[in-house]
Amino acid sequence: MNTLFMHCRPGFEGEVCSEIAEHAARLNVAGYAKAKTNAACAEFVCTEEDGAERLMKGQRFAQLIFPRQWARGVFLDLPETDRISVILAQLANFPTCGSLWLEVVDTNDGKELSNFCRKFEAPLRKALTQAGKLVEDASKPRLLLTFKSGREVFLGMADADNSAMWPMGIPRLKFPRESPSRSTLKLEEAWHHFIPRDQWDERLSGEMTAVDLGAAPGGWTYQLVRRGMLVTAIDNGPMAESLMGTGLVQHLMADGFTFKPRHPVDWMVCDIVEKPARNAALLETWLGEGLCREAVVNLKLPMKQRYAEVRRLLQRIEEGFEARGIRVEIGCKQLYHDREEVTCHLRRLDGKRR
Ligand SMILES: C[S@@+](CC[C@H](N)C(=O)[O-])C[C@H]1O[C@@H](n2cnc3c(N)ncnc32)[C@H](O)[C@@H]1O
């Protein structure tokens with residue numbers, strides 16, 4: 001049980017290793033991180049038996065940037081037949097779990113295993129239930145089995161309220177056909193990730209106003225309009241006519257880095273492809289000057305040291321607000337719909353706009 005196994009976007013294994021190693025050091029958990037390039041997963045192998053558990057207890061999963069899912073446990077070789085008996089035998093060391101997810105890593109090989117998992121799940125679930133290892137209880141840990149092949153599985157567990165919201169950390173969001181671009185799913189996923197569902201009515205209400213910087217053709221504006229908000233869309237490019245027809249969008253051809261609204265708004269979102277430091281600076285300006293209360297801004301990461309860059313920017317933002325005496329909640333995540341980028345969410349906690 002001394003290994004922490006993490007899923008991630010292929011190509012970001014190094015970022016996961018750097019990030020988890022930093023948290024392990026902070027929590028005095030001895031061990032080392034390892035990963036293969038493009039494997040879409042990484043491990044932190046702890047020196048002590050309770051290391052992975054301490055690491056998970058000391059760190060909120062939602063605050064990790066690059067891992068999409070995590071579980072602590074062990075790798076297990078499986079025979080070609082009767083895999084269930086071997087899994088059950090190993091589970092003798094596990095507590096009774098409250099739910100079961102079968103997962104694969106986000107690679108082509110992983111995708112090919114999805115069919116196997118689908119067929120395997122029902123008999124496994126039945127056997128685990130009969131053996132008293134699985135009951136339906138959200139307060140008990142979730143059993144997470146990541147199949148690396150039909151012959152190797154990572155047998156892990158994680159608290160349901162301190163791990164991914166969806167299997168493999170991949171949300172099943174339906175692309176709305178009326179949206180002018182696929183990027184729309186980035187903003188929708190950001191809301192799922194950063195805003196608890198029971199707060200959507202209050203924090204994404206139809207009474208609100210929003211500014212969308214770099215809005216064209218309008219995938220993000222579409223999400224804001226879908227919530228009923230009045231949106232000022234800033235872009236030199238054209239907005240989709242379907243959106244303009246709603247009467248909820250004002251399109252201004254202006255520079256997103258200099259535009260400021262005449263009156264404060266509730267939301268600012270920004271998906272401009274620019275140096276991440278410039279987009280991060282927008283967060284400081286908009287929330288710091290009380291131009292908005294909440295913001296979602298995408299930070300593109302074309303550089304090599306991507307984790308180091310994100311940490312540096314987040315630290316600068318944190319210090320900037322601290323110096324001004326402004327309390328903010330800061331979140332940052334590489335969402336499933338993000339590519340070479342991460343999404344930042346900021347919210348003012350003092351309730352004041354100015
Ligand atoms: C990735 S696209 C945005 C896609 C949009 N979020 C959507 O869902 O349809 C980036 C947009 O930023 C715009 N852009 C680039 N630099 C800008 C600037 N300085 N001010 C405003 N918009 C800018 C581009 O014209 C482009 O339309």
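Residues numbered from 1 in each chain as written. Predicted model: local features only at pLDDT ≥ 70, side-chain atom pairs only at ≥ 80, totals over all residues. Heavy atoms only, no water.

This brings us to the pairing of strand E4 (residues 69-77). For E4, the buried fraction is high: 7 of the 9 residues fall into the buried class. Sheet topology note: the strand E1 (residues 3-7)/E4 ladder contains 5 bridges and is antiparallel. Looking at E4, one finds that Thr 3 is bridged to Gly 73. Relative to strand E7 (residues 152-158), E4 runs antiparallel, the two sharing 6 bridges. Counterpart to Leu 76 in the pairing with E7 is Val 153. (Buried < 20%, exposed > 50% of the residue type's maximum accessible area, 1.4 Å probe, protein only. Helix = DSSP H or I, 4+ residues; strand = E, 2+ residues; numbered from the N terminus. Pairing = 2+ DSSP bridges.)

Here the focus is the pattern of salt bridges. All told, the structure shown has 27 salt bridges when counted by the stated rule. Of the charged contacts, one joins Asp 271 and Lys 186 as a salt bridge, the two residues approaching to 3.3 Å between their closest N and O atoms. One end of the pair, Asp 271, is in the loop between strand E11 (267-270) and helix H9 (276-288); the other, Lys 186, is in helix H5 (residues 184-194), and 85 residues separate them in sequence. The exposure class of Asp 271 is buried, given its relative accessible area of 14%. In this structure, Glu 294 and Arg 203 form a salt bridge, with 2.9 Å as the shortest nitrogen-oxygen distance. With Glu 294 in strand E12 (residues 294-300) and Arg 203 in helix H6 (residues 200-203), this pair connects stretches of sequence that are 91 residues apart. Each member of the pair, Glu 294 as well as Arg 203, is classed as buried. Among the ionic contacts, a cluster of salt bridges with common partners joins Lys 186, Asp 271, Lys 300 and Glu 341. (Salt bridge = Lys/Arg side-chain N within 4 Å of Asp/Glu carboxyl O.)

On to the state of the cysteines, then. By the definition in use, this model includes 0 disulfides. No disulfide involves Cys 41; its nearest neighbouring cysteine sulfur is the one of Cys 8, lying 7.0 Å away. Of the cysteine sulfurs around Cys 117, a residue in no disulfide, the closest is that of Cys 41, at 14 Å. A relative accessible area of 5% means that Cys 117 is categorised as buried. (Disulfide = S-S within 2.5 Å.)

If you check the domain split of the chain, you get domain 1 (3-169) and domain 2 (184-348). Here domain 1 and domain 2 have C-alpha centroids that lie 32 Å from each other. Taken residue by residue, the interface counts 18 residues in domain 1 and 17 residues in domain 2. Between domain 1 and domain 2, the buried area comes to about 1600 Å², and carbon and sulfur atoms account for 54% of it. Of the charged contacts in the structure, one is a salt bridge between Glu 15 and Arg 306, with a shortest N-O distance of 3.1 Å. On inspection of domain 1 and its partner domain 2, the count reaches 7 residue pairs in polar contact (both at pLDDT 80 or more). Per-class residue counts for the side of domain 1 that touches domain 2 are 9 nonpolar, 3 polar and 6 charged. (Domains from an automatic or database assignment. Contact = heavy atoms within 4.5 Å. Buried area = accessible area lost by both parts, 1.4 Å probe. Polar contact = N/O pair within 3.5 Å; in protein donor to acceptor, adjacent residues only side chain to side chain. Nonpolar A, V, L, I, M, F, W, Y, C, P; charged D, E, K, R; others polar.)

Here 7 strands make up an open sheet; going across it, the order is E2-E3-E1-E4-E7-E6-E5 and the pairing mixed. The sheet is open, and its two edges are formed by strand E2 (31-34) and strand E5 (99-104), each paired on a single side. Geometrically, the sheet is characterised by an average inter-axis angle of 30 degrees between neighbouring strands, direction not taken into account. In terms of strand pairing, strand E6 (residues 142-149) meets E7 through 7 bridges, oriented antiparallel. Across the sheet, Thr 146 pairs through a bridge with Phe 154, a residue of E7. The sheet contacts of helix H1 (residues 13-26) involve E1, E2 and strand E3 (41-46), and relative to E3 the element is tilted by about 25 degrees. On top of the sheet, helix H2 (residues 51-58) reaches E1, E3, E4 and E7; it is set at about 165 degrees to E4, its chief contact. (Axes fitted to C-alpha atoms, helices over the stretch in contact; angles between N-to-C directions.)

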